[in-house]
Amino acid sequence: MSLKRVRKAVVPVAGLGTRVLPGTKVVPKELLNVVDRPILSYVVAEAKAAGIEHFVFVTGRNKGAIEDYFDHQLELEAQLTAKGKTAILDELLSELPQAGQMSFVRQMQPHGLGHAVWCARDIIGDEPFAVLLPDMVMDADVPALKQAIDAQASVGGNIIVVEPVPHDQTHQYGVVALETQSGRLNKMTGMVEKPAKGTAPSNLIVSGRYILQPEIFELLASQERGAGGEIQLTDAMARLMTTQSFHALEYDGVTYDCGDKIGLLRANVALALKHPQLGAAARDALTPFFAQERTAEPAE
Ligand code: G1P
């Protein structure tokens, strides 16, 4: 098993975003805004803060705007310079990668998350790597991926970031089984993708950040289909668990599922209220709505 440092991240961005239509009819869901920047901007910032140096975006048709987002927009930059709008210009430039630090590979058919990750195999090569599911915006004092990388540095092997959900929601996710549960980092004994209602091994779901060893690619290569007829990353991880250690990390932070309309709304409200420049104005703008709701409540 590789002891190399985690330097590269795979970010699957080929999904169609059907849960947030019609907003995603022409705009990739990863570029929908949360407060003042695209969802993807939060995820890339989290990964950079965790030490990631190279991003592999697994992309698909109608996702070209994602590549453009991480490139210069020369006309816009010239306009901002001419108008002296240096603060926003600097912010835009700070998001650009160094030359050669981002790769884009195409997942030509929607065969599932396992297949998407497998599409990155040649660029990842023989080293441990991170996977970030961009729908999941994770708000944490220590970036969620850094928590995972630190855990991996202490116990080695593979790390899956998890979080508890109400038992009646487990069937929508990958769910992990633990050897014993004590503290936030626990050895796993199994995992299952979208278990039938009432059969989940726990209420800890796979929440969208992974540190994986490169041997996962050998297992994904068999292209076996699982839940929903898709090639599932969870199934390949469950098989890798027979030869390598997997730990589940219950991270310290809050997740917003921005691939869902209400999750996207929650992210907008919560992150607007916390925003260093916009927070106070957001509170002023939102307070009347809550006051209105309270007055509308029936008297006891
Ligand atoms: C994927 C993973 C699942 C994970 C979920 C988190 O499912 O396969 O294990 O729990 O993301 O959002 P999807 O949302 O693509 O159905």
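Since the structure is predicted, the reported quantities are computational estimates derived from the model, not experimental observations. In every chain, residue numbers begin from 1 and rise along the written sequence. For this predicted model, a pLDDT threshold of at least 70 governs which residues receive local features, and a threshold of 80 or more governs which side-chain atom pairs are given and counted, while totals over whole chains, interfaces and linings are taken from all residues. The side-chain quantities take in all heavy atoms of the structure and omit both hydrogens and water.

Participant: Just checking my understanding: could you explain the overall build of the chain for this structure?
Facilitator: Only runs of H or I of at least four residues qualify as helices and only runs of E of at least two qualify as strands under DSSP, and these elements are numbered from the N terminus. Per the secondary structure count, the chain includes 11 helices and 13 strands. Restricting the calculation to C-alpha atoms gives the radius of gyration, and the globule rule supplies 2.2 Å times the number of residues raised to the power 0.38. Taken over the C-alpha trace, the chain has a radius of gyration of 20 Å; the compact-globule value for 300 residues is 19 Å, and the two agree within 12%. Its C-alpha atoms give the chain principal-axis dimensions of about 60 × 60 × 35 Å. Exposure is judged per residue with a 1.4 Å probe applied to protein chains only, and the accessible area is read against the type maximum: over 50% gives exposed, under 20% gives buried, and values in between give partly exposed. By the burial criterion, 48% of the 300 residues in the chain qualify as buried. At a minimum sequence separation of 6, the contacts of the chain that also span at least 24 residues come to 76%. Each accessible area is a Shrake-Rupley result for a 1.4 Å probe, and residues are judged covered by the shown protein chains and nothing else. A total of about 15,300 Å² of accessible surface is found on the chain, and carbon and sulfur atoms cover 54% of it. With 28 positive and 36 negative side-chain charges, the chain shows a separation of 3 Å between the mean positions of the two kinds. For this analysis, residues touch if any pair of their heavy atoms sits within 4.5 Å. The charge count includes Lys and Arg as positive and Asp and Glu as negative, but it does not include His or the ends of the chains. Think of each charge as sitting on NZ of Lys, CZ of Arg, CG of Asp or CD of Glu.

Participant: In this structure, what is going on with the packing of helix 3 (residues 74–82) against helix 4 (residues 86–94)? I would like to understand it.
Facilitator: Any two packed helices are characterised by the angle at which their axes cross and by the distance between the axes. Between N-to-C directions, angles span 0 to 180 degrees; the directions come from axes that are lines fitted to C-alpha atoms, helices contributing only their stretch in contact. Direction vectors running N to C along helix 3 and helix 4 enclose 150°, while the axes themselves pass 9 Å from each other. When the interaxial angle is binned, helix 3 and helix 4 end up roughly antiparallel. Crossing handedness for the pair helix 3 and helix 4: left-handed. Between helix 3 and helix 4, the residues in contact are Leu76, Glu77, Leu80 and Thr81 and Ile88, Leu89, Leu92 and Leu93, respectively. Across the contact of helix 3 with helix 4, the residue classes tally to six nonpolar, one polar and one charged. We call two directions roughly parallel when the angle between them is under 35 degrees, roughly antiparallel when it is over 145, roughly perpendicular when it lies between 65 and 115, and oblique otherwise. In this scheme the handedness of a crossing depends on how the near helix is turned from the far one: anticlockwise by less than a right angle means left-handed, clockwise means right-handed. Only Asp, Glu, Lys and Arg are considered charged in this grouping, and only Ala, Val, Leu, Ile, Met, Phe, Trp, Tyr, Cys and Pro are considered nonpolar; every other residue, Gly among them, is considered polar.

Participant: Would you mind showing me how to read helix 1 (residues 39–49) here?
Facilitator: Residues lying three or four places apart along an α-helix face the same way, a consequence of the helix completing one turn every 3.6 residues. Buried within helix 1 we find Ile39, Leu40, Ser41, Val43, Val44, Glu46 and Ala47. Looking one or two residues beyond helix 1, the residue adopting positive phi is glycine 51, at roughly 95°.

Participant: Before we go on, may I ask you to explain the site of the ligand in this structure?
Facilitator: Summary of the distance rule: residues count as near a molecule or strand when at least one heavy atom falls within 4 Å of that molecule or strand. In the vicinity of the ligand, the contacting residues are Leu113, Leu133, Met136, Tyr173, Gly174, Glu193, Lys194, Val206, Gln232 and Thr234. Two N or O atoms form a polar contact when they lie within 3.5 Å of each other; inside protein one atom must be a possible hydrogen donor and the other a possible acceptor, and for residues adjacent in sequence the pair counts only when both atoms belong to side chains. One nitrogen or oxygen atom from the main chain of glycine 174 is found 3.0 Å from an oxygen atom belonging to the ligand. One nitrogen or oxygen atom from the main chain of valine 206 is found 2.6 Å from an oxygen atom belonging to the ligand. Burial of the ligand by the protein chains amounts to 76% of its free accessible area of 380 Å². For the shell around the ligand, a count of residues per class yields five nonpolar, three polar and two charged.

Participant: Explanation requested: the layout of surface pockets in the structure shown.
Facilitator: A water-sized probe, rolled over the atoms, reveals where empty space remains. Think of a 1 Å grid over just the protein atoms. A cavity is a set of points where a 1.4 Å probe fits yet cannot get out, a pocket is an open set with protein on both sides within 12 Å along at least five of seven lines, and lining residues have an atom within 4 Å of a point. Grid points are joined across faces, edges and corners, and a volume is the space filled by probe spheres set on the points. In this structure, the second largest pocket occupies an estimated 590 Å³ of space. Lining the second largest pocket are 25 residues, with Arg37, Ser41, Tyr42, Ala45 and Asp139 sitting closest to its centre. Broken down by secondary-structure element, the contributors of at least two residues to the lining of the second largest pocket are helix 1, helix 4, strand 7 (136–139) and helix 10 (261–274). Sorting elements by how many residues they give to the lining of the second largest pocket places helix 1 first, with seven residues.

Participant: What is the right way to look at the nonpolar core in this model?
Facilitator: One broad rule of soluble globular proteins: the nonpolar side chains tend to lie buried together. Grouped together as the largest cluster of nonpolar side chains are 34 residues, with contacts concentrated most on Leu212 and Ile216. Those residues in contact with isoleucine 216, other than ones at most four positions away along the chain, are Phe129, Leu233, Ala236, Met237 and Leu240. The term nonpolar core refers to a set of buried residues drawn from Ala, Val, Leu, Ile, Met, Phe, Trp, Tyr and Cys, joined through side-chain atoms within 4.5 Å. Within the second largest apolar cluster, 31 residues are counted, among which are Ile52, Ala140, Ala144 and Leu249.

Participant: Just checking my understanding: could you explain the side chain of arginine 37 for this structure?
Facilitator: Summarising the element assignment, arginine 37 is placed in strand 3 (residues 37–38). In this structure the side chain of arginine 37 is engaged in a polar contact, spanning 3.3 Å, whose partner is the side chain of aspartate 36. Ignoring sequence-local partners within four residues, the contact set of arginine 37 consists of Leu32, Tyr42, Glu91 and Glu95.

Shape is all these values report; function is a separate question.
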